[in-house]
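# A structural walkthrough
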Amino acid sequence: MDADRKSLDAPANGRNAEITSNLTAVPSTRRASDTPLMLQYQELKARYPKDLLFFRLGDFYELFDGDAKIAAPILEVALTHRQQIPMCGVPAHAVDPYAAKLLKAGFRVAIADQMEDPALAKGLVKRQIVRVLTPGTLQEDTLLPAKRCNFLAALAIQDGTFGLAAIECSTGEFVTTETSGAGADSRTWDEIVRLAPSEIVMTPSPQSTPWIEKLRKQGFCVTEADASDFAVPLAAERLKKQFGIQSLRGFGLEGKNVAQSAASAAVRYYESTQCGRPCSLQPPRTYTLDEFLQLDAGTLDHLDIVESGAPRPGSGPGSSTSRSARTLLDIMDDTLTPMGGRLLRRWIVAPLRSLETIRARQERVDFFLDQRDGRRHLRAALQGWPDMERILTRLASGTVSPRDLAHLTHGLKRTPQVKNFVQKALDQWQALRNASADSSESPGSGLAQLPKSLPEAPELSELLERAIVEAPPASLKDGGVIRDGYSAELDEVRSWIRDGKSRLLGLERREREQTGIGSLKVGFNNIFGYYIEVTKTHMAKVPANYIRKQTMANGERYITPELKEFETQLLGAEERALRLENALVTSLREAILKEAETLRRLSAAIAELDVFLSFAEVAERRGYVKPTLEDSSSFMIREGRHPVLENVLASGSLVPNDVHLDGRERQIVILTGPNMSGKSTYLRQTALIAILAQMGSYVPAAEARLGVLDHLFTRIGASDRLLEGESTFMVEMVETARILNHATPRSLVILDEVGRGTSTYDGMSIAWACIEYLHQAGPKVLFATHYLELTQLAGQLSGVCNAHVAAREWGDQVIFLHKVEPGPADRAYGIHVAKLAGVPKGVLERAAKLLRQFEQRQRSQETDPQPSLFDEEAGQTRAQNDTLTSGWGDELSQIDLNQITPMQALLKIQEWKNRVLQAKKEEDSL
Ligand SMILES: Nc1ncnc2c1ncn2[C@@H]1O[C@H](COP(=O)(O)OP(=O)(O)OP(=O)(O)O)[C@@H](O)[C@H]1O
Ligand SMILES: [Mg+2]
């Protein structure tokens with residue numbers, strides 16, 4: 001940085017003369033802002049007023065005026081002034097990390113490049129904005145994490161219908177979905193969180209403005225676009241034109257006006273940032289949210305499935321792998337290729353619902369698990385596989401580097417080998433099955449298709465291998481990209497570059513021999529280039545084809561046609577070589593693009609292969625089993641483990657636990673147990689196992705038999721959204737409401753301590769009522785709570801069971817066994833945990849005393865024959881219930897009105913009144 005700063009402070013050092021002459025050499029009568037250069041700058045800036053303009057000046061990108069003031073502190077470069085104009089700059093060859101800093105800070109960056117060589121330009125160098133960098137439209141490998149998709153999304157909202165489109169600009173993938181009806185808003189929100197777009201394009205309207213605000217509060221980058229970009233009848237026309245088609249039916253977009261509107265807006269925005277560069281886009285694929293196990297936004301967050309939030313520009317390739325494993329993705333990701341990493345990330349947040357598709361995935365995992373050697377070979381072959389998807393996009397937009405071409409070549413060259421390994425493994429598998437005559441395990445059609453799913457492009461592969469050197473330079477400008485022997489013409493030019501000097505000496509020698517002039521010399525000057533010099537003494541021997549050019553004191557200088565031809569070859573050789581290489585690379589690019597579809601399919605197949613190999617690898621290494629998935633409401637896990645905790649704890653210290661739910665006799669399990677015993681862990685691991693299973697992976701358990709779920713709801717932990725103006729309890733209730741409103745008999749609901757964010761009786765009442773409601777609605781429920789009162793529900797509602805996490809007292813210590821056992825917990829051990837946490841002794845003693853008092857009081861109430869706490873229909877508080885009804889209901893029903901005198905009746909009333917007053921007094925003194 002210091003070096004940068006130094007050079008920035010000294011414009012003459014590295015910065016081109018244009019700026020020096022234009023800014024520092026302004027006559028004092030003229031303002032610096034009036035120079036032609038600054039006028040050019042202002043003209044460009046006026047077109048992108050909201051963006052920071054990087055203005056190319058020689059070897060630097062400069063920012064001026066307000067832009068410079070904003071950017072300098074973020075870029076950590078010096079802010080200087082030339083003729084009162086604030087400016088700062090960054091070296092052009094290393095612009096990406098600087099641009100990334102600004103993108104991260106929420107700015108867009110417009111890049112103005114020099115459109116002609118300053119050395120050849122007459123007057124002011126022509127400049128143009130060639131690209132607008134925005135978080136969602138990046139394609140640069142240096143700015144994007146390799147294993148994360150970087151989505152640009154557009155959201156359209158019309159009368160309660162939500163259209164969402166997402167483009168992965170680095171790969172050209174384009175997806176869209178439309179949702180309407182009940183819950184459309186929250187489902188759309190969940191889908192946005194799942195996609196985690198880096199930028200969302202929206203247009204303000206009464207319906208969308210609250211969304212824009214909410215998205216921004218959640219940290220999403222929302223860019224506002226013109227309403228015309230979303231205009232509906234136009235949208236369909238624009239999309240048809242973009243993809244050169246007559247009907248949108250093929251894309252599944254016909255009739256989906258709101259999705260069309262979003263799709264069209266996304267494309268338009270993407271195009272606007274490319275400044276005329278072609279946008280490499282695949283045809284849109286329309287999907288419905290019902291294809292996937294619904295995971296609401298909260299669930300993704302609560303369960304630590306992937307690290308939350310949009311990818312950060314500049315986080316660079318493969319940046320997520322360095323941290324210690326914290327998320328489910330960290331545990332599951334053993335992929336070797338960037339595409340594989342991206343695919344796994346997408347699968348893990350979008351588990352499937354189709355039994356058939358899940359089973360097809362399982363079959364592949366089985367296969368690779370079984371074929372250990374094949375797996376090893378394949379994984380070795382995939383190591384360092386190029387990111388073909390992104391390379392193809394760069395090819396289409398013309399930003400491909402020679403290194404990309406070399407990577408592509410290596411990948412293509414390895415394809416037959418990969419295919420071969422797959423085929424061999426398949427043959428072996430088949431042979432084993434045949435030998436054991438177990439026809440039930442013959443490979444399904446999916447597996448047999450595996451080798452065919454890897455398309456080859458042998459001609460292209462051969463062509464590239466012949467054409468591209470093994471390790472080319474980063475830029476085409478440096479030359480040396482094309483192999484010797486590929487083009488005769490290039491070889492010839494290169495031989496000139498290599499042998500120019502010796503050829504010159506050869507010519508000199510030949511001329512000496514032919515003329516017999518021993519002192520003849522070939523020389524060079526700037527006026528007429530190469531010449532032959534002959535001294536006066538040998539003048540007579542000069543041949544007739546020598547053309548005299550210059551007379552010297554002691555001799556003459558000549559040129560010959562041969563020498564001039566020689567000169568043209570020699571002097572232009574470097575430039576010609578570059579030109580030729582450029583042309584050759586262009587035609588190679590075209591050849592590759594012709595096969596783009598094949599390469600895309602190959603890339604997709606490699607990504608899948610990589611993910612299945614990773615599933616098999618993880619399953620083997622971590623001892624996972626294949627879950628049996630079925631179309632039922634059963635949910636049984638034997639000896640399930642928490643995949644992330646298992647990785648953190650010392651081996652053998654994790655206690656596995658069973659889950660048994662069936663939607664009937666065991667529909668709801670109320671889980672009690674001391675603090676720190678493992679309730680939340682148990683809940684989370686159950687949810688994670690469900691996700692892994694429906695993604696097609698093996699699971700951390702001894703056995704699992706799971707009915708496919710439609711929706712996984714979780715309400716875990718207390719996450720404040722203070723910024724949104726929602727308190728802990730509000731968040732809890734909003735999420736709970738959503739669960740109650742949407743859970744179906746095929747859903748799994750995980751509730752962790754719902755109701756604890758408010759007063760005990762409030763919380764308990766809410767929890768109680770929620771369970772009653774869910775009991776009616778029918779989803780499978782795991783409910784962890786500290787309200788031991790809730791365990792009474794098991795006796796009252798069929799299908800509600802109790803379980804607890806066992807703990808043992810040992811002296812004044814408590815030992816957590818982490819084992820889930822049937823039946824309710826006996827007590828809470830909260831004070832023991834407080835002690836473990838280092839709460840001062842005095843507080844612990846006082847708490848223990850208070851606890852004893854409360855417990856005594858509770859016991860004395862329990863000995864009274866009274867109805868259970870929550871039998872009351874009316875919403876009276878417990879205190880009122882206790883004091884007012886204690887005993888007198890029974891007494892009243894036992895009184896025989898025919899036997900009692902009016903005096904006795906009055907005395908009875910007096911007695912009751914006294915009891916009520918006494919109870920009230922006690923209540924107040926507590
Ligand atoms: N099955 C298990 N095997 C081993 N250790 C476990 C197990 N389950 C939980 N633990 C350990 O106990 C700690 C506490 O677990 P957890 O947060 O699930 O407890 P909890 O019952 O939900 O507590 P609280 O009531 O305070 O929320 C975990 O961080 C983990 O270290
Ligand atoms: Mg807990």
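Residues numbered from 1 in each chain as written. Chains lettered and ligands numbered in written order. Predicted model: local features only at pLDDT ≥ 70, side-chain atom pairs only at ≥ 80, totals over all residues. Heavy atoms only, no water.

For clarity, the threshold we go by: UniProt positions are given in the numbering used here, feature names are shortened, and annotations may be inferred rather than shown by experiment.
Per an unreviewed UniProt entry, the protein chain carries the name DNA mismatch repair protein MutS and comes from uncultured bacterium CSLF42. You can read under Function (unreviewed entry) in the UniProt record for the protein chain the words "This protein is involved in the repair of mismatches in DNA. It is possible that it carries out the mismatch recognition step. This protein has a weak ATPase activity."

## Quick word on the overall build of the protein chain
So the rule is basically this: Per the convention used, a helix needs a DSSP run of H or I reaching at least four residues, while a strand needs a run of E reaching at least two, with both numbered from the N terminus. For the exposure calls, accessible area comes from a 1.4 Å probe over protein chains only, and a residue counts as buried if that area is under 20% of its type's maximum, exposed if over 50%, partly exposed in between. Note on contacts: a residue pair qualifies if any of its non-hydrogen atoms lie within 4.5 Å across the two residues. Accessible surface area values rest on a Shrake-Rupley calculation with a 1.4 Å probe, where residue burial reflects the displayed protein chains alone.
Each helix and strand counted, the protein chain has 31 helices and 27 strands in total. Looking at the protein chain as a whole, 50% of its 926 residues are labelled buried. When contacts within the protein chain are restricted to residue pairs at least 6 apart in sequence, those whose partners lie at least 24 apart make up 68%. As displayed, the protein chain offers around 43100 Å² of accessible surface, 52% of which is attributable to carbon and sulfur atoms.

## As for the UniProt feature "binding site: ATP" (unreviewed entry) in the protein chain
Under the convention used in this document: As used in this structure description, the phrase polar contact means that two N or O atoms lie within 3.5 Å; if the pair is within protein, one of them must be able to donate a hydrogen and the other to accept it, and residues adjacent in sequence are counted only when both atoms belong to side chains.
Listed under "binding site: ATP" (unreviewed entry) in the UniProt record, and renumbered for this structure, are Gly673, Pro674, Asn675, Met676, Ser677, Gly678, Lys679 and Ser680. Positionally, asparagine 675 belongs in the loop between strand E21 (668-672) and helix H23 (679-695). Turning to its location among the elements, serine 677 is positioned in the loop between E21 and H23. Contacts of serine 677, omitting those with residues within four sequence positions, involve Val805, Phe816 and His818. Within polar-contact distance, the side chain of serine 677 engages the backbone oxygen of proline 674 at 2.7 Å.

## A closer look at the layout of surface pockets
The cut-off we apply is this: Only protein atoms enter the 1 Å grid used here. Points where a 1.4 Å probe fits but cannot escape make up a cavity, open sets with protein on both sides within 12 Å along at least five of seven lines make up a pocket, and a residue lines them when an atom lies within 4 Å of a point. Grid points are joined across faces, edges and corners, and a volume is the space filled by probe spheres set on the points. Think of it as three bins: nonpolar holds Ala, Val, Leu, Ile, Met, Phe, Trp, Tyr, Cys and Pro, charged holds Asp, Glu, Lys and Arg, and polar takes everything else, Gly as well.
A volume near 1900 Å³ is recorded for the second largest pocket. Lining the second largest pocket are 50 residues, with Thr399, Val400, Ser401, Ala474 and Ser475 sitting closest to its centre. For the lining of the second largest pocket, the class distribution of residues is 22 nonpolar, 12 polar and 16 charged.

## Regarding the packing of aromatic side chains
We apply this condition: Note on aromatic pairs: the rings of Phe, Tyr and Trp (six-membered ring only in Trp) are paired at centre separations within 6.5 Å, and the planes decide the class, stacked below 30 degrees, edge-to-face beyond 60, tilted for the rest. For a Lys NZ or an Arg CZ to count as sitting over a ring, it must be within 6 Å of the ring centre and within 35 degrees of the ring normal.
Tallied over the full model, the rule gives 19 aromatic pairs. On the basis of an interplanar angle of 85° and a centroid distance of 6.3 Å, the ring pair of tryptophan 189 and phenylalanine 220 is categorised as edge-to-face. With tryptophan 189 in helix H6 (residues 184-195) and phenylalanine 220 in the loop between helix H7 (209-217) and strand E11 (222-224), this residue pair connects regions lying 31 residues apart in the sequence. Exposure class is identical for tryptophan 189 and phenylalanine 220. Each is buried. With 5.4 Å between their ring centres and 80° between their planes, phenylalanine 243 and phenylalanine 251 make a pair best called edge-to-face. Here the two residues phenylalanine 243 and phenylalanine 251 agree in accessibility, since each one is buried. Members of the aromatic cluster, connected to one another through ring pairs, are Phe162, Trp189, Trp211 and Phe220. Note that lysine 214 overlies the ring of tryptophan 211, its terminal NZ or CZ placed 6.0 Å from the centroid.

## A few points about the site of ligand 1
Test applied: Nearness is judged by heavy atoms alone; a residue qualifies as near a molecule or strand once a single heavy atom is within 4 Å of it.
Around ligand 1 lies a shell of 16 residues, among which Val655, Met676, Lys679, Ser680 and Thr681 are the nearest. Contact between ligand 1 and glycine 678: an oxygen atom at 3.0 Å from a main-chain N or O atom of the residue. A distance of 3.5 Å is found between a nitrogen atom of ligand 1 and a side-chain nitrogen or oxygen belonging to histidine 818. Burial of ligand 1 by the surrounding chains reaches 77%, relative to a free accessible area of 630 Å². Examining the composition of the shell around ligand 1, we find that 3 residues originate from one element, H23, more than from any other. Counted by class, the shell around ligand 1 contains 6 nonpolar, 8 polar and 2 charged residues.

## Looking at the pattern of salt bridges
For the record, the criterion: What counts as a salt bridge is simple: a side-chain nitrogen of Lys or Arg found within 4 Å of a carboxyl oxygen of Asp or Glu.
Within this structure, the stated rule accounts for 49 salt bridges. With a shortest N-O distance of 2.6 Å, lysine 564 and glutamate 567 are connected by a salt bridge. Pair noted here: lysine 564 and glutamate 567 are both in helix H20 (residues 561-594), with a separation of 3 residues, about one helical turn. With a relative accessible area of 14%, glutamate 567 lands in the buried category. Here arginine 579 and glutamate 575 are joined by a salt bridge, their closest N and O atoms 3.4 Å apart. Highlighted residues: arginine 579 and glutamate 575, both in helix H20, separated by 4 residues, approximately one helical turn.

## Quick notes on the sheet that holds strand E18 (residues 628-630)
Going by this rule: Following DSSP output, two strands are said to pair if at least two bridges run between them. Angular values range over 0 to 180 degrees, each being the angle between N-to-C directions of two axes fitted as lines to C-alpha atoms, with helices fitted over their stretch in contact.
Reading across from one edge, E18-E22-E19-E20 is the order of the 4 strands in this open sheet, with mixed pairing throughout. Whereas interior strands pair on both sides, the edge strands pair on one side only; in this sheet they are E18 and strand E20 (657-661). On average, adjacent strands in this sheet sit at an angle of 15° to one another, irrespective of strand direction. With 3 bridges joining them, E18 and strand E22 (residues 703-707) adopt parallel strand pairing. Directly across from leucine 629, in E22, lies its bridge partner leucine 706.

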